[in-house]
Amino acid sequence: MNQALPVSDNTTVFKNVKIDIFMKKALSLFICFIFFVNSNAQVQKNSLHGKILDTDKNILPGASLIIVGTKYGVNANESGDYLFDKIADGKIKIQVSFIGFKTLITEFDVQPGRNDLDLTLESDNVKLEGVTVTSQKREQQVLDVPITMSVIGSVFMEDNNITELERLSVFVPGLQIRMQGIDRPGFVIRGLTSDEVSPAAQPRISVFYNNVPVSRANGAAVELFDMQQIDVLKGPQGTLFGRGAEIGAINYVSNKPTNDFSGFITAGAGNYKQKELSGAINIPVIKNKLLVRVAGIYDYQDGFVKNTFGGNLNGKNTLAGRFSASYLPNINNKIDFVLNYQKDDNPGLGFMSMSYPNTNGSNNPFGYVASLEQGRKLANRRDILDATLTMKHFFNENNYLTSVSSYRKIASYSRWDGDGTAAAAIDMSEDDDAGQFFQEIRYNYSIKSKLNGSIGASYWIEDASQDYWFSPDEQDMFHLFFNTGGLVTPDGQPNPVTNLPPDPQLGPLAGAPLVTDHQEENNNMASNQALEGFADANYQLTDKLSVTGGIRIISEWISLTNSAKMTGGSPSTLGFLTGNYPNLFFKPVDENETGTSNVALTYRGGLKYSFNENSSLFANYSKGRRPKVLQFTSAGEEQVLEAEIVNSFDLGFKTAIQNRFWFDLGLFYYGYSNFQTSAWVADPESGEFNYIVKDGGKASGYGTEANIRYAILNGLQVFGNYSYIHSRFADTDADGARQNYAGNMFRLTPEHSFALGLNGRVEIGREIFLFGVPSFSYQTKIYFEDANTAGLEQAAYGLLNLRAGIGYKNITLAFYGTNLLEEKFIVSAGNTGSLFGDPTQIPGAPRMFGTKLNWKF
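Residues numbered from 1 in each chain as written. Predicted model: local features only at pLDDT ≥ 70, side-chain atom pairs only at ≥ 80, totals over all residues. Heavy atoms only, no water.

Regions of empty space are outlined by a rolling probe, equal in size to a water molecule, passed over the atoms. Applying the stated criterion across every chain, the model contains 15 cavities of 30 Å³ or more. In terms of lining, the second largest cavity is formed by 21 residues, of which the most central are Pro213, Phe241, Gly242, Arg243 and Glu532. For the lining of the second largest cavity, the elements supplying multiple residues, two or more each, are strand E16 (205–209), helix H4 (238–241), strand E31 (427–447), strand E32 (451–470) and strand E33 (519–540). Considering every element that reaches the lining of the second largest cavity, the biggest residue donor is E32, with three residues. The residue makeup of the lining of the second largest cavity, split by class, is nine nonpolar, seven polar and five charged. (1 Å grid on protein atoms, 1.4 Å probe; cavity = no way out; pocket = protein on both sides within 12 Å on 5 of 7 lines; lining within 4 Å. Points joined across faces, edges and corners; volume = space filled by probe spheres on them. Helix = DSSP H or I, 4+ residues; strand = E, 2+ residues; numbered from the N terminus. Nonpolar A, V, L, I, M, F, W, Y, C, P; charged D, E, K, R; others polar.)

Quick look at the structure:
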């Protein structure tokens with residue numbers, strides 16, 4: 001059901017009435033469900049309660065427990081507690097497993113009423129790191145989750161010096177992350193890129209921060225400090241992670257306060273004047289009652305691209321902090337609060353023309369020298385502030401109510417040189433702001449320890465704005481507009497033309513002067529709302545076979561307004577030729593409005609077969625959806641693109657052998673309709689010069705992903721991953737007509753990629769050790785545009801990285817290096833300049849190296 005709506009006061013009233021009715025019905029059903037489940041949960045014939053611990057008395061959330069020979073199975077909750085209810089009298093066998101620990105099988109004689117049994121797992125001497133995940137909105141081990149996913153834990157992140165998102169992505173098969181500035185990250189899962197051109201457009205890959213949706217690209221790339229783990233789920237995850245998870249989800253999970261006094265301090269330095277200082281301190285203010293954790297980081301590095309007009313480009317200057325607190329007023333309630341702030345004050349990006357030289361006479365990007373006339377005015381700045389309050393009420397160990405409330409404020413500004421030369425042809429900036437509020441209420445339940453799941457509702461609202469500013473010097477722009485090939489001289493100096501040529505074909509414009517001080521703006525403001533109801537459950541059919549299903553009902557309201565105006569200087573002479581006078585790019589308009597409301601349904605279903613507690617096979621089907629895209633062209637034309645739909649099929653296998661060997665394999669196929677592709681459009685006849693979303697028609701993809709980890713010896717592990725992705729646009733659309741991108745590869749998607757690594761540690765004295773973690777990653781050719789334009793591509797390449805050092809007790813001195821073989825590669829090509837036949841490119845980082853001193857206490 002889709003209904004287009006005008007944006008008006010009546011629409012607002014109508015929306016509020018719909019929300020009110022929907023929420024009242026949903027709330028009534030929600031309360032009835034909780035009452036039903038808890039009334040059953042409290043009529044306990046016999047019950048078994050306990051806690052899962054290691055030999056050091058640390059809790060093991062997510063530990064898997066089953067009653068041998070039955071369909072009863074549960075996972076320990078976040079406090080390490082478990083519950084079996086409604087079990088028969090007599091002797092039972094309980095099996096407990098957790099990766100990195102020896103599986104425990106113990107007998108217990110169940111007595112009438114309540115029974116208590118704490119269980120302790122022994123660690124294996126040679127083991128893999130165990131990780132708890134909440135991907136299905138409850139604590140589980142990765143092995144128990146019937147979803148193709150990767151988890152990067154804190155130990156792995158430290159061992160491999162993972163401090164940035166690009167570095168993270170090489171260790172996750174099927175994931176690519178391109179950082180073209182902090183406000184324009186490109187997340188790619190299984191070939192599908194998540195980027196939002198319009199503030200009314202929603203992401204395809206949902207990025208979460210502590211289970212709260214970010215839903216805006218300029219706030220999705222955060223500093224990776226004091227993290228517990230990062231979860232990456234592949235395939236449509238709409239039922240679990242909301243409407244933005246059309247093809248996958250990424251969840252950043254920060255470290256939470258614990259009951260011990262602890263922390264760390266890290267100080268580092270490297271080339272390009274790199275300086276880093278980070279740390280965290282955990283304080284149990286009132287043990288088992290009030291826990292606090294404070295963490296922060298300062299990271300600075302000069303840009304590796306020198307600008308001949310002053311300053312450096314592609315650098316970093318980030319300050320971030322986090323305050324976390326947990327309050328446990330009693331055994332049944334828990335309150336968590338997290339406050340984050342991040343400020344980035346980075347220099348601009350090193351866009352370099354692929355056609356014209358810099359002022360040194362070179363157009364080789366790997367000289368790492370650019371000539372961008374705005375010098376230090378080029379910038380990439382951002383502020384992020386968010387606060388999240390999570391409250392839980394436990395009816396028992398398995399049944400609990402969760403409320404998540406969050407507010408996030410994002411402000412970003414970037415200014416760039418679109419022509420990539422010393423000429424002032426394309427001087428642009430983008431100023432984006434967003435305020436988001438999110439509220440979720442979720443009930444987790446377990447019925448007879450066989451049916452486990454969650455049900456709930458969420459409300460999300462966002463006000464977002466996007467302002468483009470453009471200031472061309474038309475005496476330089478003339479060369480791009482008329483394709484003269486003479487934008488700059490052979491030594492990279494500007495070559496201005498003061499007047500249009502005295503060509504009779506130009507009519508009264510023949511010989512007209514070209515202005516140097518024109519300025520114009522295009523402003524978009526969006527209001528996005530979504531009210532969602534969801535349910536997800538797993539039912540144990542037999543002791544080996546289980547079925548999983550989920551559904552999410554979405555009611556959404558999207559509105560967009562657009563305006564454009566000249567903001568300074570002289571009217572554009574070239575604007576007469578584009579039809580946008582007195583502007584050049586953006587046709588002046590007081591205000592355009594458009595809006596839409598939609599009701600949609602996403603769902604998933606799957607089967608899982610467990611060979612034993614350490615190996616399982618699963619098959620899933622899921623439907624994903626990206627909402628309609630509302631946008632205005634630079635000529636002021638309203639466009640509405642239909643919702644993008646994906647049908648996805650997954651087959652996966654996971655195994656952990658003797659806690660030393662981990663292997664997972666995923667096979668997938670997906671098909672798209674109304675595929676939304678982004679493209680640069682330049683049409684002087686219509687006056688359209690813009691980067692917009694277009695309907696790419698039908699598309700499909702298939703492939704495989706694999707992970708492997710093996711603990712060879714105590715202190716020696718190998719790890720690796722591989723991904724094959726074949727993603728293409730279909731030859732014909734739904735009507736049988738040939739598509740523009742027929743047979744093209746999806747952008748930013750290598751067909752083959754892999755990573756290999758070794759983690760070694762050896763004792764050389766009493767509590768003194770050496771360590772080394774080399775890794776190598778490789779990817780095949782990628783295109784930077786779905787159009788697969790020749791020349792706008794990156795050939796296959798590989799990167800060698802290393803972290804090594806010496807440690808004594810809790811102190812380590814590490815040395816690191818990235819791109820040690822000095823591989824030459826680019827991370828972006830095309831961009832704004834491609835509108836006028838002057839594509840630009842950004843080089844990837846050269847060899848980086850440095851050292852870090854870390855103390856844990």
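With twelve bridges joining them, strand E22 (residues 290–301) and strand E25 (residues 316–330) adopt antiparallel strand pairing. Across the sheet, aspartate 299 pairs through a bridge with threonine 318, a residue of E25. As defined by bridge partners, E25 adjoins strand E26 (residues 333–347) across eleven bridges and the pair is classed as antiparallel. In the strand pairing of E26, serine 324 is matched with valine 338. (Pairing = 2+ DSSP bridges.)

Walk down a regular strand and you will see the side chains alternate between the two sheet faces. Note: strand E21 (residues 274–286) against E22, eleven bridges, orientation antiparallel. Bridging across to E22, glutamate 276 finds its partner in aspartate 299. Hairpin connection from E21 to E22: three residues lie between these consecutive antiparallel strands, with asparagine 288 at a positive phi of about 65°.

Per the counting criterion, the structure on display carries 38 aromatic pairs. With centroids separated by 6.0 Å and ring planes inclined at 45°, the aromatic side chains of phenylalanine 261 and phenylalanine 857 adopt a geometry described as tilted. Of this pair, phenylalanine 261 sits in the loop between strand E19 (248–254) and strand E20 (262–270) while phenylalanine 857 sits in the segment after strand E53 (848–856), placing them 596 residues apart in sequence. Taking the relative accessible area as the measure of exposure, phenylalanine 261 reaches 54% and is therefore exposed. Aromatic side chains phenylalanine 754 and phenylalanine 776 sit 6.3 Å apart centroid to centroid with 50° between the ring planes, which places their arrangement in the tilted category. With phenylalanine 754 in strand E45 (residues 752–765) and phenylalanine 776 in strand E46 (residues 768–779), this residue pair connects regions lying 22 residues apart in the sequence. Residue classification places phenylalanine 776 among the partly exposed residues on the basis of a relative accessible area of 28%. (Phe/Tyr/Trp six-rings, centres within 6.5 Å; stacked < 30°, edge-to-face > 60°. Buried < 20%, exposed > 50% of the residue type's maximum accessible area, 1.4 Å probe, protein only.)

This part is about the sheet that holds strand E52 (residues 840–843). The antiparallel open sheet is built from three strands, whose spatial order is E27-E52-E51. Looking at the sheet topology across the chains shown, the edges are occupied by strand E27 (352–353) and strand E51 (826–830). Inspection of the sheet shows E51 paired to E52 by four bridges, in the antiparallel sense. Considered in E52, the bridge of serine 828 is made with isoleucine 842.

Attention shifts here to the nonpolar core. When a protein is soluble and globular, its nonpolar side chains tend to lie buried together. Core analysis: the biggest nonpolar cluster contains 40 residues, and Leu165, Phe187, Tyr252 and Tyr672 have the highest contact counts within it. Dropping the residues within four chain positions of it, tyrosine 672 is found in contact with Leu192, Glu246, Ile247, Glu644, Ile645, Val646, Gly697, Lys698, Ala699 and Phe746. The next biggest cluster of nonpolar side chains, apart from the first, holds 29 residues, and it includes Ala423, Phe478, Leu509 and Leu574. (Core = buried A, V, L, I, M, F, W, Y, C linked by side-chain atoms within 4.5 Å. Contact = heavy atoms within 4.5 Å.)

Okay, helix H5 (residues 474–481) next. In terms of residue burial, H5 counts as a mostly covered element, since eight of its eight residues are buried. Turning to H5, its buried residues number three or more, namely Glu474, Gln475, Asp476, Met477, Phe478, His479, Leu480 and Phe481. For H5, the side-chain oxygen to backbone nitrogen distance between the N-cap and glutamine 475 is 2.9 Å, and the N-cap itself is aspartate 473. A positive phi of about 55° marks asparagine 483, the residue just after H5. (Polar contact = N/O pair within 3.5 Å; in protein donor to acceptor, adjacent residues only side chain to side chain.)

Position of asparagine 161 among the secondary structure elements: in the loop between helix H2 (154–159) and helix H3 (165–169). Relative accessible area serves as the criterion here: at 14%, asparagine 161 is assigned to the buried category. The contacts of asparagine 161, once residues within four sequence positions are left out, are Arg167, Arg803, Tyr816 and Lys852.

Turning our attention to the confidence of the model for the protein chain. Chain-level pLDDT for the protein chain is 89 on average; 92% of the residues reach the 70-or-more range. Of all secondary-structure elements in the protein chain, the lowest mean pLDDT belongs to strand E1 (residues 2–4), at 38, while E22 reaches the highest, 98. For the stretch residues 1–17, pLDDT sits under 50, and the model shows 24 contacts to residues farther than four places along the chain or on other chains. (pLDDT = per-residue confidence, 0-100.)

By the definition in use, this model includes 32 salt bridges. Linking lysine 316 and glutamate 223 is a salt bridge whose minimum nitrogen-to-oxygen distance equals 3.0 Å. Of this pair, lysine 316 sits in strand E25 while glutamate 223 sits in the loop between strand E17 (212–213) and strand E18 (227–234), and the two are 93 residues apart along the sequence. Each member of the pair, lysine 316 together with glutamate 223, is buried. By sharing partners, the salt bridges in this structure join Glu78, Lys334, Asp336 and Lys392 into a single network. (Salt bridge = Lys/Arg side-chain N within 4 Å of Asp/Glu carboxyl O.)

Another aspect to go through is unusual backbone geometry. Of note, the amide linkage connecting tyrosine 581 to proline 582 takes the cis form, showing an omega dihedral of 10°. Mapped onto the elements of the fold, proline 582 is located in the loop between helix H6 (575–578) and strand E35 (589–612). One non-glycine residue, asparagine 288, lies in the positive phi region at around 65°. Tracing the sequence through the fold places asparagine 288 in the loop between E21 and E22. For asparagine 288, a relative accessible area of 51% corresponds to the exposed category. Positive phi values are uncommon outside glycine, yet leucine 748 reaches one of about 60°. Topologically, leucine 748 is positioned in the loop between strand E44 (716–729) and E45.

With respect to the helices, strands and loops of the structure, threonine 132 is situated in strand E10 (residues 132–133). A polar side-chain atom of threonine 132 sits 2.4 Å from the main-chain carbonyl oxygen of proline 61.

By definition, the strands of a sheet pair up through backbone hydrogen bonds, in either a parallel or an antiparallel sense. Across the sheet, which stays open at both edges, the five strands sit in the order E12-E18-E19-E16-E17 with mixed pairing between neighbours. Each end of this open sheet is capped by a strand with a single partner; those strands are strand E12 (149–153) and E17. Sheet analysis places E16 next to E19, joined by five bridges and oriented parallel. The residue of E19 that forms the bridge with phenylalanine 208 is asparagine 251.

By secondary structure assignment, the location of glutamine 717 is in strand E44. With a relative accessible area of 25%, glutamine 717 lands in the partly exposed category. Sequence separation of glutamine 717 and asparagine 332 is 385 residues, and the distance between their C-alpha atoms is 41 Å.

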